Amino acid sequence: MHFQVPKGTFDVLPYGAEEKWRLSSLWIRVETLLREVASDYGYQEIRTPIYEQAELFDRGVGETSDIVSKEMFTFLDKGGRQLALRPEGTSSVMRAFMEHGLAQKGGLHRFFYLGPMFRYERPQSGRYRQHTQFGVEVIGGKGAELDAEVIDLLFQVYQRLGLKNLTVHLNSVGDPPSRASYREALLGYLRPYFQDLSSDSQVRFEKNPLRILDSKDPKDKEILQGAPSLSAHLTTEAKEHFEQVQERLASIGIPFVVNDKIVRGLDYYNKTVFEVLSTDLKAQNTMGAGGRYDGLLKQLGGADLPSVGFATGLERVLQALVQLYPEVSPEKGPVAYFIPMGDEALGKCFTLATLCRREGISAGIELQAKKLQAALQNGSKERARFFILIGSEEIEKRTVQVKHAETREQEEIAEEKLFHYLRGYR
Ligand code: HAM
C-alpha cells in the first residue's frame, strides 16, 4: 500500500518540501504578520468549526452557486445530520454571531479568521481542495468608509508582505432593487439565446439569472459580451455608495480600477464587490476578494445588520512571495549548539542545553557525530549561531569554549557567564 496526500491537498513541512512556498517557517511568518495587521486595525479573532450544517451554506452562499452546487464536501454524520466542510468563512461567522447573541454589544463588530476551507475543485496551481483563508468581516455598519477600510486592510497586508504587481478591481452589484431591474433586462437579452446557453446557465435562467454572468463556459461568455451592464441599473442609493467608496479609496491612496465584469461567485453580495488580481500568479490570479453583503445576516435568521469583508488565500500569497523573492531567507537556527568533546562531556552539554531552553535561549545538541569536524558541520546545517564546545578540560575548569559560527573565532568563558553571554542573541 502506497499512501499519499489526498488529491488537491498538500503538506507544509519544516524542510524537504518540493516547493518553497510549502515551508512551515514561511507560513508562520505570514500568519504572524496577518495577526499583527488585523490587530493594528482593531480586528479580533473568531474561530469556528471546520464543518457546519450544510444548509447554512445553501442559504448563505446560494444553492445555484458553483461553490454549493458542485464543490461542497458534504457528508452525513452517524446521527443522520447533513453536514458540510466549510467552503468559506463568512456564513460560519454569521452563524456564530447569531448563535451567541453578539449583536447585543451594539456598535461595530470587527472579526478576523485564519483557517482551512474546502472546495471540491479541479486542482491546479493556486487551486486546491483544501486551502487556507485569512478573512475579515465587519458587521453593523453601512458607511462607504468600512468598504474602504477592509480594502485598505487587505492592501496593507500585501504591502507589508512585500507583494507587488497587484490591482484592486472594484465593482458594484447594486442593492436588491437595482438587481431586480437588471434581472429583467438580462432575461430580456438572454431569452433569444436560451437554446444556445450551457445547461448550467439554462437552469440559472430560471432560478438565478445573475449567476449566468459568472459562467466559465466559452459559448456563454460569447453570448454575454453583448449583455446589458448592471451599472446602468443601479439605484441612486447604490450609485452614491459606489461613488463614496471610490472617493474614500482615492483619499487614502489605494489604487483601483472599476471593472464591471467582477460579479463574484457567491450570492450574498450587494453593492461593493472587489478582487485583488496579481500578475505574479500563474493560473489563478485572484489573490483576495470580498465585498458588502448587507442582507445575509437577516436572510440567515439574524438581525438586519449591514456587513462587509474579504478573504485572501494563503497558498496564493505564499506562491507570489516566493516567485518575487526566490531567495527568501530560511528560518534562523538555534542560538547555541552544544558539542560534547568526549563521552564524559555529554551529560554537561545536555544539562546546559536544557537550562538554555528553559531560559528561552534556543539550543541544539550534538548527539551523533564522534568527530569535532562532523559535529561542526551538523551545527552549521542547523544554522546555529554559536557552537559551545565542552571537553574534560572545560568541565574541570568550569568553563566552555564559545565558537562564533560565522567568524569561527573562539573564546573561553566561565560556565556561569554563558547564559548572560547568549541572552543578547535570543
Ligand atoms: P472567494 O473569492 O470564494 O471569497 O475566496 C477568497 C479567496 O480564497 C480567493 O480570492 C482565493 O485567494 C482563495 N481561494 C478560494 N478558493 C480557493 C482554492 N480552491 N484554492 C486556493 N485558494 C482559493 C470568499 O470565500 C468570501 N467568503 C470572501 C468574503 C469574506 N466576502 C466577504 N467576506
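Residues numbered from 1 in each chain as written. Predicted model: local features only at pLDDT ≥ 70, side-chain atom pairs only at ≥ 80, totals over all residues. Heavy atoms only, no water.

## Notes on the overall build of the chain
When you go through the chain residue by residue, the secondary structure sums to 15 helices and 16 strands. Relative to the compact-globule value of 22 Å for 426 residues, the chain shows a C-alpha radius of gyration of 28 Å, a clear excess of over 25%. Overall, the chain is about 95 × 55 × 45 Å in size when its C-alpha atoms are taken along their principal axes. The contacts in the chain between residues at least 6 apart in sequence include a share of 68% that link residues at least 24 apart. As presented, the chain carries roughly 21600 Å² of accessible surface, and 49% of it is formed by carbon and sulfur atoms. (Helix = DSSP H or I, 4+ residues; strand = E, 2+ residues; numbered from the N terminus. Rg over C-alpha atoms; globule rule 2.2 N^0.38 Å. Contact = heavy atoms within 4.5 Å. Areas by Shrake-Rupley, 256 points an atom, 1.4 Å probe, with all protein chains shown as cover.)

## Looking at the layout of surface pockets
Of the volumes computed, that of the second largest pocket is approximately 680 Å³. Arg179, Asp267, Tyr268, Tyr269 and Asn270 are the residues nearest the centre of the second largest pocket, which is lined by 32 residues in total. Listing elements by their share of the lining of the second largest pocket, those giving two or more residues are α2 (54-62), α6 (176-190) and α10 (296-299). With five residues, α2 is the single largest residue contributor to the lining of the second largest pocket. Residues that form the lining of the second largest pocket fall into these classes: 14 nonpolar, six polar and twelve charged. (1 Å grid on protein atoms, 1.4 Å probe; cavity = no way out; pocket = protein on both sides within 12 Å on 5 of 7 lines; lining within 4 Å. Points joined across faces, edges and corners; volume = space filled by probe spheres on them. Nonpolar A, V, L, I, M, F, W, Y, C, P; charged D, E, K, R; others polar.)

## A look at the sheet that holds strand β14 (residues 386-390)
Strand order in the open sheet formed by five strands is β13-β12-β14-β15-β16, and the pairing between neighbours is mixed. Looking at strand neighbours, the two that pair on one side only are β13 (363-365) and β16 (410-414), the edges of this open sheet. Averaged over all neighbouring strand pairs, the angle between strand axes comes to 30 degrees, with direction disregarded. Relative to β13, helix α12 (residues 346-358) is tilted by about 160 degrees, and along the sheet it contacts β12 (336-340), β13, β14 and β15 (399-404). (Pairing = 2+ DSSP bridges. Axes fitted to C-alpha atoms, helices over the stretch in contact; angles between N-to-C directions.)

## Focus: the sheet that holds strand β2 (residues 51-53)
Taking strand neighbours across the sheet as the criterion, the three strands line up as β2-β4-β3 in an open arrangement whose pairing is antiparallel. Only two strands of the sheet have a single neighbouring strand rather than two, namely β2 and β3 (74-76). Pairs of neighbouring strands in the sheet enclose a mean axial angle of 35 degrees, with direction left out of account. Here three bridges tie β3 to strand β4 (residues 82-85), and the two strands are oriented antiparallel to one another. Residue pairing for β4: Phe75 is matched across the bridge by Leu83.

## Structural notes on the site of the ligand
Around the ligand, 27 residues are found, and the nearest of them are Glu88, Glu121, Glu137, Arg264 and Tyr269. Measuring from an oxygen atom of the ligand, one finds a side-chain N or O atom of Arg119 at 2.9 Å. Tyr268 places a side-chain nitrogen or oxygen 2.9 Å from a nitrogen atom of the ligand. Among the secondary structure elements, those contributing two or more residues to the shell around the ligand are β6 (130-139), β10 (286-292) and β11 (307-313). Counting residues per element, the shell around the ligand draws most heavily on β10, at six residues. A class-by-class count of the residues in the shell around the ligand yields ten nonpolar, ten polar and seven charged. (Near = heavy atom within 4 Å. Polar contact = N/O pair within 3.5 Å; in protein donor to acceptor, adjacent residues only side chain to side chain.)

## Brief notes about the packing of helix α1 (residues 24-40) against helix α11 (residues 314-324)
Orientation of α1 relative to α11, taken along the N-to-C sense of each, is 115 degrees, at an axis distance of 11 Å. Accordingly, the angle class assigned to the pair α1 and α11 is roughly perpendicular. The crossing of α1 and α11 is right-handed. Facing Leu26, Trp27, Val30, Glu31 and Leu34 of α1, the residues of α11 in contact are Leu314, Glu315, Val317, Leu318, Leu321 and Val322. The class makeup of the residues in the contact of α1 with α11 is nine nonpolar, no polar and two charged. (Parallel < 35°, antiparallel > 145°, perpendicular 65-115°, else oblique. Left-handed = near helix turned anticlockwise from the far one by under 90°.)

## A look at the packing of aromatic side chains
Aromatic rings in a pair are described by how distant their centres are and how their planes are angled relative to each other. Counting across every chain of the model gives 15 aromatic pairs. Ring centres of Tyr337 and Phe387 lie 6.5 Å apart, and the angle between their planes is 85 degrees; on these two criteria the pair is classed as edge-to-face. Note that Tyr337 is positioned in strand β12 and Phe387 in strand β14, a separation of 50 residues in sequence. Comparing Tyr337 with Phe387 shows no difference in burial state: the two are buried. Through successive ring pairs, a cluster of aromatic residues spans Phe10, Trp21, Trp27 and Tyr128. Looking at Arg22, its charged tip hangs above the ring of Trp21, at a distance of 5.6 Å from the centre. Sitting over the ring of Tyr120, Arg129 keeps its end group 3.8 Å from the ring centre. (Phe/Tyr/Trp six-rings, centres within 6.5 Å; stacked < 30°, edge-to-face > 60°. Buried < 20%, exposed > 50% of the residue type's maximum accessible area, 1.4 Å probe, protein only. Lys NZ or Arg CZ within 6 Å of the ring centre and 35° of its normal.)

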